[in-house]
Amino acid sequence: QQPVQSPQAVILREGEDAVINCSSSKALYSVHWYRQKHGEAPVFLMILLKGGEQKGHEKISASFNEKKQQSSLYLTASQLSYSGTYFCGTESGGSYIPTFGRGTSLIVHP
Amino acid sequence: GAVVSQHPSRVICKSGTSVKIECRSLDFQATTMFWYRQFPKQSLMLMATSNEGSKATYEQGVEKDKFLINHASLTLSTLTVTSAHPEDSSFYICSARPGLTGELFFGEGSRLTVL
């Protein structure tokens, strides 16, 4: 079952922050985050494997709440290059097959 | 980092013909590769899981006879769209990873246009 991402779209000005959420109805053992530019393949951002884990560098980071089956991606002081569609991918229940959410379109304006 | 190469990046074909798309892992072996289809501004829809040396596992609603998947070696999987029709026009992407879990490496994608 597909994870649910919110919001569907975000429009920001350079320097602003954004949060993208990903939730699942299933117990998760991993959450992946990818960014896709138009017409290109998705690019890996990070993977979270444990509940409570937080990862990333200071400007792009993510958290994983295993109990709530949720993950959030934090984009701080956004740059123009952050524009794209962000997908979360989740793995659950012994199925080593990532399932992707519908994506969140992020547009950063100068 | 690991690289997955997909070819061709663009293909235009006539209705009724077949098209083959290749997905290669260049610097690692992959017993499993994934094939996705993506419509404009939509998610990555998993079509099938390609398994080296055995039959592919197709997702519900994906026609096995139309989308033939062959995983001939640990570094190559192919997707053949048979008797293509305009409604098969889409962006097809493959992905693979060295192990059972972990980061997925995506190919560049193949844009298929069926006239």
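Now for a description of the structure that goes with this document. Worth saying up front: this structure is predicted, and the values here are computed from it rather than measured.

### Points about the sheet that holds strand S7 (residues 67-73) of chain B
Residues and elements named next belong to chain B.
Piece 1. An order of S1-S3-S8-S7 is seen for the 4 strands of this open sheet, with the pairing classed as antiparallel. The open sheet has two edge strands with one neighbour each: strand S1 (4-7) and S7. Neighbour-to-neighbour, the strand axes of the sheet open up by a mean angle of 15 degrees, direction not taken into account.
Piece 2. Bridge count between strand S3 (residues 19-25) and strand S8 (residues 76-81): 6 bridges; the pairing is antiparallel. Pairing of Ile 21 across the sheet is with Leu 79, part of S8.

### Focus: the interface of chain A and chain B
Where the parts come together, the accessible area they lose is often given as the size of the interface.
Piece 1. At the junction of the two partners, chain A supplies 19 residues and chain B supplies 19 residues.
Piece 2. Buried surface at the junction of chain A and chain B, summed over both partners, amounts to about 1500 Å²; 66% is from carbon and sulfur atoms.
Piece 3. For chain A, the biggest contributors to the area lost against chain B are Tyr96(A), Ile97(A) and Phe100(A); these three give 31% of the whole.
Piece 4. Among the ionic pairs, Arg97(B) bridges to Glu91(A), the shortest N-O distance being 2.7 Å.

### Points about the state of the cysteines
Residue and element names in this part refer to chain B.
Piece 1. Enumeration over the complete set of coordinates arrives at 2 disulfides over all chains.
Piece 2. The thiol of Cys 13 is unpaired, and the distance to the nearest cysteine sulfur, on Cys 94, comes to 18 Å.
Piece 3. Residue Cys 13 is classed as buried on the basis of its relative accessible area, which comes to 9%.

### Observations regarding the nonpolar core
Piece 1. By size, the foremost hydrophobic cluster in this structure holds 26 residues, and its most contacted members are Val4(B), Trp35(B), Phe67(B), Ile69(B), Leu79(B), Tyr92(B) and Leu112(B).
Piece 2. Only strand S2 (10-13), S3, strand S4 (32-38), strand S5 (45-51), S7, S8, strand S9 (90-96) and strand S11 (110-114) of chain B provide two or more residues apiece to this core.
Piece 3. Not counting residues within four places of it along the chain, the set of residues in contact with Phe67(B) comprises Arg37(B), Met47(B), Tyr58(B), Val62(B), Leu79(B), Thr80(B), Val81(B), Asp88(B) and Tyr92(B).
Piece 4. If you look at the next biggest cluster of nonpolar residues, it comprises 20 residues, including Ala18(A), Tyr82(A), Leu106(A) and Val108(A).

The rules we used
Residues numbered from 1 in each chain as written. Chains lettered and ligands numbered in written order. Predicted model: local features only at pLDDT ≥ 70, side-chain atom pairs only at ≥ 80, totals over all residues. Heavy atoms only, no water. Pairing = 2+ DSSP bridges. Helix = DSSP H or I, 4+ residues; strand = E, 2+ residues; numbered from the N terminus. Axes fitted to C-alpha atoms, helices over the stretch in contact; angles between N-to-C directions. Contact = heavy atoms within 4.5 Å. Buried area = accessible area lost by both parts, 1.4 Å probe. Salt bridge = Lys/Arg side-chain N within 4 Å of Asp/Glu carboxyl O. Disulfide = S-S within 2.5 Å. Buried < 20%, exposed > 50% of the residue type's maximum accessible area, 1.4 Å probe, protein only. Core = buried A, V, L, I, M, F, W, Y, C linked by side-chain atoms within 4.5 Å.

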